[in-house]
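Summary of structural features
Chain by chain, the residues run as shown.
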Amino acid sequence: MDTTTPDQALCRLDDIPDGGAIAVDAVLRDGEESVIVLRRDDAVRAYMNICPHAGRRLDWAPGKFLVKDNLLICAAHGASFQDEDGLCVGGPCRGEHLRSVGIRVADGEVWLDE
Ligand code: FES
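For the structure given in this document, a descriptive report is provided here. Everything numeric in this text was worked out from a predicted model, so none of it was measured. (Residues numbered from 1 in each chain as written. Predicted model: local features only at pLDDT ≥ 70, side-chain atom pairs only at ≥ 80, totals over all residues. Heavy atoms only, no water.)

Thoughts on the overall build of the chain
Our working rule: Going along the chain from the N terminus, every DSSP run of H or I of four or more residues is numbered as a helix, and every run of E of two or more is numbered as a strand. Based on C-alpha atoms, the radius of gyration is set beside the globule rule, defined as 2.2 Å times the residue count to the power 0.38. In this scheme, a residue with accessible area under 20% of its type's maximum is buried, one over 50% is exposed, and one in between is partly exposed, where area comes from a 1.4 Å probe on protein chains only. We call two residues in contact when some of their heavy atoms are within 4.5 Å. Per-residue accessibility takes into account occlusion by the displayed protein chains alone, with areas from the Shrake-Rupley method and a 1.4 Å probe. His is not counted, nor are the chain ends, whereas Lys and Arg count as positive and Asp and Glu as negative. Charged side chains are reduced to one point each, which is NZ for Lys, CZ for Arg, CG for Asp and CD for Glu.
The number of helices and strands found in the chain is 0 helices and 10 strands. Secondary structure elements in the chain, listed N-terminal to C-terminal, are β-β-β-β-β-β-β-β-β-β. The C-alpha radius of gyration of the chain comes to 13 Å, within 12% of the 13 Å expected for a compact globule of 114 residues. Taken over the C-alpha atoms alone, the chain extends approximately 40 × 35 × 25 Å along its principal axes. For the chain, the residues scored as buried account for 38% of the 114 residues in total. At a minimum sequence separation of 6, the contacts of the chain that also span at least 24 residues come to 40%. Counting only carbon and sulfur atoms, one obtains 45% of the accessible surface of the chain, whose full area is about 6,300 Å². Charge separation in the chain, taken as the distance between the mean sites of 12 positive and 21 negative side-chain charges, equals 6 Å.

Listed below in structure tokens is the structure:
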């Protein structure tokens, strides 16, 4: 059975503030999910918008994230995650990771690459 999902453009690179993050909805294997897309310079990373602490979304309002000093901070209880690998370095789930989502950047767009 083919379990791949069709090519999906998640957003344009220019939609993501440099040093910030946005939320996009993507159709993954398990259905539609919210995905965090972070950018620092030309490096883009994506993670499931599900905090490993209590399973909540990390944004404080839809698509609005607190990113400070290359750390993404969960709005629910303040866990801080490194932008480059999703590792929690402070807060209630220290040592756990956000689940990463495969992406690639081509022609100024961010594509799902699961
Ligand atoms: S759900 Fe993210 S810190 Fe608690």
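Comments concerning the state of the cysteines
The condition is simple: Any pair of cysteine sulfurs within 2.5 Å is marked as a disulfide.
Applying the stated rule across the entire model yields 0 disulfides. No disulfide involves Cys88; its sulfur sits 3.7 Å from that of Cys93, the nearest cysteine. Given the relative accessible area of 2%, Cys88 is considered buried.

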